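Given next are the chains, with one letter for each unit.
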Amino acid sequence: MAAQGSRAVGVDIGGTGIKAGVVDLEAGQLVSDRMKVPTPTGAKPKDVLDAVEQVLDSLGVAGDTDIPLGVAFPAIVKNGRTLSAANVSEEWIGFEAEKFFEDGLGRDIHFANDADVAGIAELRYGAAKGVDGLVILTTLGTGIGSALIYDQVLVPNSELGHLQRAGHKRDAEGYAAYSAMEREELSWEKWAKRLQWYYDYVEFLFSPDLIIVGGGVSKHSDEFLHLLKLKAPIVPAVHRNNAGIIGAAALGLAVPEATSAVTE
Ligand code: BGC
């Protein structure tokens, strides 16, 4: 295990599961088991807090206030408040989430959007490291999350999962997230057609230099990335579904200059 000073805990709260681990921040690697509990039905604040306590307990760090802790959440996060609620309870809208977790856990934490922290992990330790220009990371899971990174600086809260499809009720994530593939039992080919629409649209709007795909399904990137024809290279997140845990932990310890905007 790395020295205490270079370790932090990351908790990644998703629409389906809450994942956590202890991370060595020099290597950008998990140095504990990856713990996971289901996100409580309805994902109300108190139930989510209880589940986070449970996952910290199973990691053996529940009472350890010396180890820094970062928490990632699937909503717009500004100044510690959650401002949206696509796959969680509406109670999170306009909620003092960071303070709620700090009071509940009895310690300081850092709190940010889940896709943004995955972007931080890939920026510091993965596929976006050293890449100039515009990198767009998307997480394909219960929803679609996005992180915009321009010249190594994260622009927080981009929310590109909610792009609208002209003439359709469902937004991009309702149509093309991994949960849509599971719900509708789509083949990789059929799902890839939806992703083609989505990434074409993102490319048209932003002309990125690199697209990174994160989220649980990124471990199966061999099944679908080669089916996509895009102008920019599209690659899986180096840290796959652990990018959220690693990025949350990285936020917990210190605020790197390049990513300071996310916690302001
Ligand atoms: C939320 C985003 C989040 C994404 C992935 C979307 O529904 O609006 O804030 O990053 O899901 O969890």
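Structure report, in brief. Only a predicted model underlies this, so the values are computations on that prediction, with no experimental measurement involved.

1. Observations concerning the layout of surface pockets
Its boundaries defined by the atoms lining it, the largest pocket holds a volume of some 750 Å³. Around the largest pocket sit 46 residues that line it, and Gly15, Lys19, Gly141, Thr142 and Gly143 are the ones nearest its centre. Elements supplying a minimum of two residues to the lining of the largest pocket: β1 (7–13), β2 (17–24), α3 (114–125), β9 (134–140), β10 (144–150), α5 (178–183) and α8 (243–253). Of the residues that constitute the lining of the largest pocket, the class distribution is 14 nonpolar, 23 polar and 9 charged. Among the domains, domain 1 (4–117 + 243–263) and domain 2 (129–237) are the pair contributing at least three residues each to the lining of the largest pocket.

2. Structural notes on the pattern of salt bridges
Throughout the structure, instances matching the rule amount to 7 salt bridges. Glu96 is paired through a salt bridge with Arg81; the nearest N and O atoms lie 3.5 Å apart. In this pair, Glu96 sits in the loop between β7 (81–82) and α2 (97–105) while Arg81 sits in strand β7, placing the two residues 15 residues apart along the sequence. Judged by its relative accessible area of 41%, Glu96 is partly exposed.

3. Looking at the site of the ligand
For the ligand, the set of nearby residues contains 14 residues, the closest of which are Asn113, Asp114, Glu159, His162 and Glu173. Between Asn87 and the ligand, the recorded distance is 3.3 Å, taken from a side-chain N or O atom to an oxygen atom. For the ligand, whose free accessible area comes to 310 Å², the fraction covered by protein is 94%. Assessed atom by atom at 2 Å from the grid points, the ligand resides in the largest pocket. When residues of the shell around the ligand are traced back to their parent elements, those giving at least two are α3 and β10. Tallied by class, residues from the shell around the ligand come to 6 nonpolar, 5 polar and 3 charged.

Conventions adopted
- Residues numbered from 1 in each chain as written.
- Predicted model: local features only at pLDDT ≥ 70, side-chain atom pairs only at ≥ 80, totals over all residues.
- Heavy atoms only, no water.
- 1 Å grid on protein atoms, 1.4 Å probe; cavity = no way out; pocket = protein on both sides within 12 Å on 5 of 7 lines; lining within 4 Å.
- Points joined across faces, edges and corners; volume = space filled by probe spheres on them.
- Helix = DSSP H or I, 4+ residues; strand = E, 2+ residues; numbered from the N terminus.
- Nonpolar A, V, L, I, M, F, W, Y, C, P; charged D, E, K, R; others polar.
- Domains from an automatic or database assignment.
- Salt bridge = Lys/Arg side-chain N within 4 Å of Asp/Glu carboxyl O.
- Buried < 20%, exposed > 50% of the residue type's maximum accessible area, 1.4 Å probe, protein only.
- Near = heavy atom within 4 Å.
- Polar contact = N/O pair within 3.5 Å; in protein donor to acceptor, adjacent residues only side chain to side chain.
- Areas by Shrake-Rupley, 256 points an atom, 1.4 Å probe, with all protein chains shown as cover.
- Sits in = over half its atoms within 2 Å of the grid points.

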